[in-house]
Amino acid sequence: MKNGPRIIVAACVVAGCTTGAPGPNAWQPSCPPGSFADVSVDGWFHVSWSIVQGRTGPALEGYVNNRWKMEADKMQLAVERLDGAGQIVGCSELWISSVPPYSRAYFAASVPDSSARYQVRVLSFDWVARGAN
């Protein structure tokens, strides 16, 4: 269907996400660097989030807004826990299956502490080129 409505499917694919608790390797001391320059990622995407109380404990919920004309596929995000000085003290990674052009995708992840500070950044993604039909 060429011009039909798009269904945004958001992924919450964090180890242990369905149980509300991180899996055995979900939180690590740090995440890898991103695949793109921060200035490029900040121009293409805007990430917003908040901490909420989920059924099984604190969670971080948010959206990745795609500001670009191409779909971003297989997006990997880093959820980083910060200490009082703003230094990263833990990181968990999650995946979003697709972020349509000029649209947004939802994500959620369990977090260990609702009073901690967090930041979310895009680690990697693939652009999806659409051919003319």
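Everything below is about the structure printed above this text.
First, a word on what this report is: a plain description of the structure on this page.

Another point: the overall build of the chain. Helix and strand content of the chain: 1 helix and 6 strands. The helix and strand sequence of the chain, counted from the amino end, reads α-β-β-β-β-β-β. Within the chain, the proportion of its 133 residues that are buried is 37%. Within the chain, counting contacts between residues at least 6 apart in sequence, those at least 24 apart form 72% of the total.

Let's shift gears to the environment of Lys 74. Position of Lys 74 relative to the elements: it lies in strand β3 (residues 71-82). Taking C-alpha positions, Lys 74 is 6.6 Å from Trp 95, a pair spaced 21 residues apart along the chain. Those residues in contact with Lys 74, other than ones at most four positions away along the chain, are Trp 95, Ile 96, Ser 97, Ser 124, Phe 125 and Asp 126.

A word on the environment of Val 99. Here Val 99 lies in strand β4 (residues 88-99). For Val 99, a relative accessible area of 0% translates into the label buried. On a C-alpha basis, the gap between Val 99 and Arg 67 in space is 9.9 Å, while along the polypeptide they are 32 residues apart. For Val 99, the residues in contact, after removing those within four places along its chain, are Val 64, Asn 66, Met 70, Glu 71, Ala 72, Met 75, Arg 104 and Ala 105.

Turning our eyes to something else, we now look at the state of the cysteines. Applying the stated criterion to the full structure yields 1 disulfide. With a sulfur-sulfur separation of 1.6 Å, Cys 31 is cross-linked through a disulfide to Cys 91. Residues Cys 31 and Cys 91 are joined through a disulfide that is left-handed, its torsion about the S-S bond being -85 degrees. With Cys 31 in the segment before α1 (38-44) and Cys 91 in strand β4, the pair connects residues that are 60 residues apart, well separated along the chain.

Moving on, we come to the sheet that holds strand β1 (residues 45-54). Strand order in the open sheet made by the 3 strands is β1-β2-β5, with antiparallel pairing throughout. Each edge of the sheet is formed by a strand with only one pairing partner; in this case those strands are β1 and β5 (104-110). Neighbour-to-neighbour, the strand axes of the sheet open up by a mean angle of 20 degrees, direction not taken into account. Sheet analysis places strand β2 (residues 57-66) next to β5, joined by 7 bridges and oriented antiparallel. What sits directly across from Tyr 63, in β5, is Tyr 106.

Basis of the calculations
Residues numbered from 1 in each chain as written. Predicted model: local features only at pLDDT ≥ 70, side-chain atom pairs only at ≥ 80, totals over all residues. Heavy atoms only, no water. Helix = DSSP H or I, 4+ residues; strand = E, 2+ residues; numbered from the N terminus. Buried < 20%, exposed > 50% of the residue type's maximum accessible area, 1.4 Å probe, protein only. Contact = heavy atoms within 4.5 Å. Disulfide = S-S within 2.5 Å. Pairing = 2+ DSSP bridges. Axes fitted to C-alpha atoms, helices over the stretch in contact; angles between N-to-C directions.

What is shown is where atoms sit, not what they do.
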